[in-house]
Amino acid sequence: MKKVLVARPTFPDVIERLKQYFEVDVNEGEVLPQDEFARRLADKDGAFTAGDVVGEKELAGAPNLKVVANMAVGYNNFDMHAFDAHEVLGTNTPNVLNETTADFGWALMMAAARRVTESEHFLRAGKWNKWSFDSFLGVDVYGSTLGVIGMGRIGQALARRARGFDMRVIYHNRSRVAPEIEAELNAEYASKEDLLKRADHVALVVPYSKESHHTIGAAEIALMKRTATLTNIARGGIVDDAALIEALRDKRIAAAGIDVFEGEPNFNPDFLALENVVLTPHIASATEATRRAMANLAADNLIAGLGEGPRAGNPPNAINPGVLRK
Ligand code: DGY
């Protein structure tokens, strides 16, 4: 029987599915330290990961490894050059989280714009003693301009929701999306600079890579309106967190909604001293239904990638399908 590592705890029924095909080594505890992860991967044919770092060292130490299935759409934790070199298939879980993640982008954007968490903290602290015309004045969302950086599937789901708020949508992406998608979303392509100058609410939905590192830093924030908000549901490292903290402190922009951080689960503690930022612990895809769908899709990929189950040899979400042809 082939052996697989489930590197992080996941839904018990998903583990049961894997047990129908494999001998399963499940980490039921905290995130494995990197050397322990590599040690447990060493004799495996496959692995189920969720953000665990898999690079040259881990792959070189696991000669039988054929498939690593990430329970996430983002796979910047995989070194894909090393995957290709070792002929290991990497898979991810696109699509099943698009709508849930877009919902959460809106939750963060609206909470930041309308100062929801800040005012809740005020109320909980027992400071509310009168209604006042100028309490927690925020910025409007309806009728404003949404700027989406990264018009992939999640970016499109985010933009689609803007219609209900009577918003203009401008977007920036490596390349323009198809004209029919632009028409459907009523979205106008803009350069990054133009978008930053015009948008009232900027949302980041780009995958992390060397190229997208610090897509937003001090220079970009300087282009934004003082009344604008910034929402990051993409990845830590897309925003220069230190620059954002400084900008929020100086009220260079109105507010931010941040779900992902540089170095997470650690994050810059200076965020905590700021009122004008909504902070959440990487939960944009976290609904029961969506996390289940992601876990099952990762399992489908692992089972099929290792030549088992109804789609044997044809996993739904191969990142480097060239490996399958070898
Ligand atoms: C993803 O799928 O990449 C998310 O960030 C993990 O929830």
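As a reminder, the structure under discussion sits directly above these lines.
Calculation rules
Counting restarts for each chain, with residues numbered from 1 along the sequence as it is written. Per-residue local features of the predicted model are confined to residues with pLDDT of at least 70, and side-chain atom pairs are confined, for both listing and counting, to 80 or more; whole-chain, interface and lining totals are unaffected and use all residues. To obtain the side-chain values, all non-hydrogen atoms of the structure were included, while hydrogens and water were left out. Consider each residue's heavy atoms; a residue with any of them within 4 Å of a molecule or strand counts as near. Any N or O atom pair separated by 3.5 Å or less is treated as a polar contact, with the protein-specific requirement of one donor-capable and one acceptor-capable atom, and with residues adjacent in sequence counted only for side-chain atom pairs. Per-residue and other accessible areas were derived by the Shrake-Rupley procedure at a 1.4 Å probe size, with only the shown protein chains allowed to occlude residues. Only Asp, Glu, Lys and Arg are considered charged in this grouping, and only Ala, Val, Leu, Ile, Met, Phe, Trp, Tyr, Cys and Pro are considered nonpolar; every other residue, Gly among them, is considered polar. A cavity here means a set of 1 Å grid points, computed over protein atoms only, where a 1.4 Å probe fits but cannot escape. A pocket is an open set with protein on both sides within 12 Å along at least 5 of 7 lines, and lining residues have an atom within 4 Å of a point. Grid points are joined across faces, edges and corners, and a volume is the space filled by probe spheres set on the points. For two strands to be treated as a pair, DSSP must find at least two bridges joining them. Working definition: helices are DSSP H or I runs of at least four residues, strands are E runs of at least two. Numbering for both runs from the N terminus. Helix axes are fitted only over the stretch in contact, all axes being lines through C-alpha atoms; the angle between N-to-C directions runs from 0 to 180 degrees. By definition, residues are in contact when any of their heavy atoms lie within 4.5 Å. The criterion is simple. A nonpolar core is a set of buried Ala, Val, Leu, Ile, Met, Phe, Trp, Tyr and Cys residues joined through side-chain atoms within 4.5 Å. Under the scheme applied here, a residue whose accessible area is under 20% of the maximum for its type counts as buried, over 50% as exposed, and between as partly exposed, the area being computed with a 1.4 Å probe on protein chains only.

Undergrad: Is there a simple way to think about the site of the ligand in this case?
TA: Taken together, Ala72, Val73, Gly74, Leu97, Arg235, His282, Ser285, Arg291 and Met294 are the residues near the ligand. The separation between an oxygen atom of the ligand and a polar main-chain atom of valine 73 is 2.7 Å. Between the ligand and serine 285 there is a distance of 2.8 Å, counted from an oxygen atom to a side-chain nitrogen or oxygen. Protein chains bury 86% of the 240 Å² of accessible surface belonging to the ligand in isolation. Residues belonging to the shell around the ligand are distributed by class as follows: four nonpolar, three polar and two charged.

Undergrad: Can you help me understand the layout of surface pockets in this one?
TA: Space left empty within the atom packing is revealed by a probe, the size of a water molecule, rolled over the atoms. Here the second largest pocket is characterised by a volume of approximately 220 Å³. Along its surface, the second largest pocket is lined by 14 residues, and Arg115, Lys251, Ala254, Ala255 and Asn276 are the ones closest to its centre.

Undergrad: What's the story with the sheet that holds strand β8 (residues 187-189) in this structure? I'm lost.
TA: Within a sheet, each strand pairs with its neighbour through backbone hydrogen bonds, oriented either parallel or antiparallel. Spatial ordering of the open sheet is given by β8-β7-β6-β9-β10-β11-β12, a layout of seven strands whose pairing is parallel. Each having just a single partner strand, β8 and β12 (277-279) make up the two edges of the open sheet. Mean inter-strand twist for the sheet, computed between neighbouring axes without regard to direction, equals 20°. Taken together, the four bridges between strand β9 (residues 201-204) and strand β10 (residues 229-232) define a ladder with parallel strand orientation. Its bridge partner lying in β10, leucine 204 is registered against asparagine 232. Packed on one face of the sheet, helix α11 (residues 241-249) meets β10, β11 (255-258) and β12 and runs near 145° to β11.

Undergrad: Would you explain the nonpolar core in this entry?
TA: Soluble globular proteins tend to pack their nonpolar side chains together in the buried interior. Counting residues in each nonpolar core, the largest one holds 30 residues, and the members touching the most others are Trp106, Leu146, Val148, Met151, Leu158, Met167 and Ile233. Those elements that place two or more of their residues in this core are α5 (98-113), β6 (145-149), α7 (153-160) and β7 (168-172). Per element, the largest residue contribution to this core is eight residues, and it comes from α5. Leaving out residues up to four positions away in the same chain, leucine 158 has contacts with Ala102, Gly105, Trp106, Leu146, Val148, Ala203, Val205 and Ile233.

Undergrad: I'm lost on empty space enclosed by the protein in this one. Help?
TA: This structure, assessed with the given rule, holds one cavity of 30 Å³ or more. Put simply, the largest cavity is a space of about 50 Å³. In this structure, the largest cavity is lined by Ala111, Ala112, Arg115, Val116, Thr117, Glu118, Ala255, Glu275, Asn276, Val277 and Val278. For the lining of the largest cavity, the secondary-structure elements that each account for two or more residues are α5, α6 (116-124) and β12. Of all the elements, α6 adds the most residues to the lining of the largest cavity, at three residues. When its residues are assigned to classes, the lining of the largest cavity shows six nonpolar, two polar and three charged.

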